[in-house]
Amino acid sequence: MHGSGTEGGDRPTGTSGVDHVFLALERELAVFLRRARASSGEMAREVHPGLESAAYGLLVRLEAAGAQRATDLAGYFGVGKATMSRQLRALEEVGLVVREPDPADGRASLVRLTEEGLERFRRVRDARRERYVRKLAGWDRGEIAELARLLSQLNERAGD
């Protein structure tokens, strides 16, 4: 059945054995990720002009999860301790985060957003959401919910 359009039961492929469904997925994710990185950079600079794009993701995580240890943040983002330390130092220098002693372990510290950091982050995040609302104005709310569900499922499985 070579070239019949399916291999392994339900995976449509061409004669080269390429699974075109996954090829299309890879292509669209690459475009999405490129745009997301550029957007994160723009939003980080809206929070503070001197920030790099990774800073926005840190702000998102700290706002959602609350105070965190730097090692936990490094693990969450899959970066080394030195990288995380450098990124957090940049946020500290501009007054967006602060380190405080961890009440559960006096030898460790927790990083949390400052009031200014929270206010700046939320202003930029809310503006971003408004852009999503405009871009997806023609979508059915069920489609948006399904996209969010599928992205969540993809993110959960990304660590496997």
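Everything below is about the structure printed above this text.
In this report, we go over the structure that sits alongside the text. (Residues numbered from 1 in each chain as written. Predicted model: local features only at pLDDT ≥ 70, side-chain atom pairs only at ≥ 80, totals over all residues. Heavy atoms only, no water.)

1. Comments concerning the packing of helix α1 (residues 20-47) against helix α5 (residues 115-135)
Alright, step 1. Where α1 meets α5, the axes come as close as 9 Å, and the angle between the chain directions of the two elements is 140 degrees. It follows that α1 is oblique to α5 by the angle criterion. Classified by chirality, the crossing of α5 by α1 is right-handed. When α1 is examined against α5, the residues Ser39, Met43, Glu46 and Val47 are found in contact with a partner set consisting of Arg120, Phe121, Arg123, Val124, Arg128 and Arg131. (Axes fitted to C-alpha atoms, helices over the stretch in contact; angles between N-to-C directions. Helix = DSSP H or I, 4+ residues; strand = E, 2+ residues; numbered from the N terminus. Parallel < 35°, antiparallel > 145°, perpendicular 65-115°, else oblique. Left-handed = near helix turned anticlockwise from the far one by under 90°. Contact = heavy atoms within 4.5 Å.)

2. Re the environment of methionine 84
Alright, step 1. Within the secondary structure, methionine 84 is located in helix α4 (residues 81-93).
Alright, step 2. Sequence separation between methionine 84 and leucine 58 is 26 residues, and the spatial gap between their C-alpha atoms is 9.4 Å.
Alright, step 3. What methionine 84 contacts, discounting residues up to four positions off in sequence, is Leu58, Ala70, Leu73, Ala74, Phe77 and Val79.

3. Here we look at a positive patch on the surface
Alright, step 1. Together, Arg34, Arg35, Arg37, Arg134 and Lys135 line one region of the surface with positive charge.
Alright, step 2. Secondary structure elements with two or more residues in the positive patch: α1 and α5.
Alright, step 3. Ranked by residues supplied to the positive patch, first place goes to α1 with 3 residues.
Alright, step 4. The residue arginine 134 is located in helix α5 in this model. (Patch = residues over 30% accessible without salt bridge, like charges linked within 9 Å, V, L, I, M, F, W, Y side chains within 5 Å. Areas by Shrake-Rupley, 256 points an atom, 1.4 Å probe, with all protein chains shown as cover. Salt bridge = Lys/Arg side-chain N within 4 Å of Asp/Glu carboxyl O. Lys, Arg positive; Asp, Glu negative; His and termini not counted. Charge placed at Lys NZ, Arg CZ, Asp CG, Glu CD.)

4. Details of the packing of helix α2 (residues 54-65) against helix α3 (residues 70-77)
Each pair of packed helices gets described by two things: the angle between the helix axes and the distance between those axes.
Alright, step 1. At their nearest, the axes of α2 and α3 sit 12 Å apart, and the two run at 115 degrees to each other. Considering how the two elements wind past one another, α2 and α3 form a crossing that is right-handed. Along its contact with α2, which presents Gly57, Leu58, Arg61 and Leu62, the element α3 presents Leu73, Tyr76 and Phe77.
Alright, step 2. Split by residue class, the contact of α2 with α3 holds 5 nonpolar, 1 polar and 1 charged. (Nonpolar A, V, L, I, M, F, W, Y, C, P; charged D, E, K, R; others polar.)

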